[in-house]
Amino acid sequence: QKLRCDACISWDDKSVNPQGEIQSKTIEGGRYAMFLHVGAYENLKSTYDEIGDWIVQSGINVRNLPMFEKYLNKDPRKTKPQNLKTEIYVPIEE
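Below or above, wherever it landed, is the structure these notes cover. A quick note: this is a predicted structure, and the numbers were derived from the prediction, not measured.

1. Some words on the overall build of the protein chain
Summing up its helical and strand segments, the protein chain has 1 helix and 3 strands in all. Moving toward the C terminus, one meets the helices and strands of the protein chain in the order β-α-β-β. Long-range pairs, those at least 24 residues apart, make up 67% of the contacts in the protein chain between residues at least 6 apart in sequence. Averaging the coordinates of the 13 positive side-chain charges in the protein chain and doing the same for the 14 negative ones gives two points 4 Å apart.

Set out below in structure tokens:
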């Protein structure tokens, strides 16, 4: 009930004009910690658990911005689950 997310794609065509519920957003710059998850998407929770542990143990401060994931495989439907690669970006203070 409390989970909120945005599904995003990137494009270079400046003539695209989002309408209705489709919006254009820009990911804010600054410092991000990047984590690489290798394996099935169903196992992302374990990587997020490790990220949470890292945040607590390192004492790093997280900025009040959304984390985001970058899916690196061109076609995940044709990739074996154990070969899927996902970068997870966590906004941290400088």
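2. Description of the pairing of strand E3 (residues 85-91)
The buried fraction of E3 is high, at 6 of 7 residues. Pairing between strand E1 (residues 32-38) and E3: 7 bridges, direction antiparallel. Opposite Met-34, over in E3, you have Tyr-89 as the bridge partner.

3. Some words on the sheet that holds strand E2 (residues 68-71)
Strands sit in the order E1-E3-E2 across an open sheet of 3 strands; the sheet is antiparallel. Two strands close off the open sheet at either side, each with one partner strand: E1 and E2. Within the sheet, the average angular offset between the axes of one strand and its neighbour, ignoring direction, is 25°. Across the sheet, helix H1 (residues 44-58) touches E1, E2 and E3, and the angle it forms with E3 is around 30°.

4. A look at the nonpolar core
By size, the foremost hydrophobic cluster in this structure holds 7 residues: Ala-33, Phe-35, Leu-44, Ile-51, Ile-88, Val-90 and Ile-92. Of all the secondary-structure elements, those providing two or more residues to this core are E1, H1 and E3. Those residues within four positions of Leu-44 in sequence are excluded, and the remaining contacts are His-37, Glu-69, Thr-86 and Ile-88.

5. Looking at the side chain of Asn-73
For Asn-73, the position within the fold is in the loop between E2 and E3. At 2.7 Å, the side chain of Asn-73 and the backbone nitrogen of Lys-85 are in polar contact. Non-local contacts of Asn-73, meaning those with residues more than four positions away in its chain, are made with Thr-79, Asn-83, Leu-84 and Lys-85.

The rules behind these values
- Residues numbered from 1 in each chain as written.
- Predicted model: local features only at pLDDT ≥ 70, side-chain atom pairs only at ≥ 80, totals over all residues.
- Heavy atoms only, no water.
- Helix = DSSP H or I, 4+ residues; strand = E, 2+ residues; numbered from the N terminus.
- Contact = heavy atoms within 4.5 Å.
- Lys, Arg positive; Asp, Glu negative; His and termini not counted.
- Charge placed at Lys NZ, Arg CZ, Asp CG, Glu CD.
- Buried < 20%, exposed > 50% of the residue type's maximum accessible area, 1.4 Å probe, protein only.
- Pairing = 2+ DSSP bridges.
- Axes fitted to C-alpha atoms, helices over the stretch in contact; angles between N-to-C directions.
- Core = buried A, V, L, I, M, F, W, Y, C linked by side-chain atoms within 4.5 Å.
- Polar contact = N/O pair within 3.5 Å; in protein donor to acceptor, adjacent residues only side chain to side chain.

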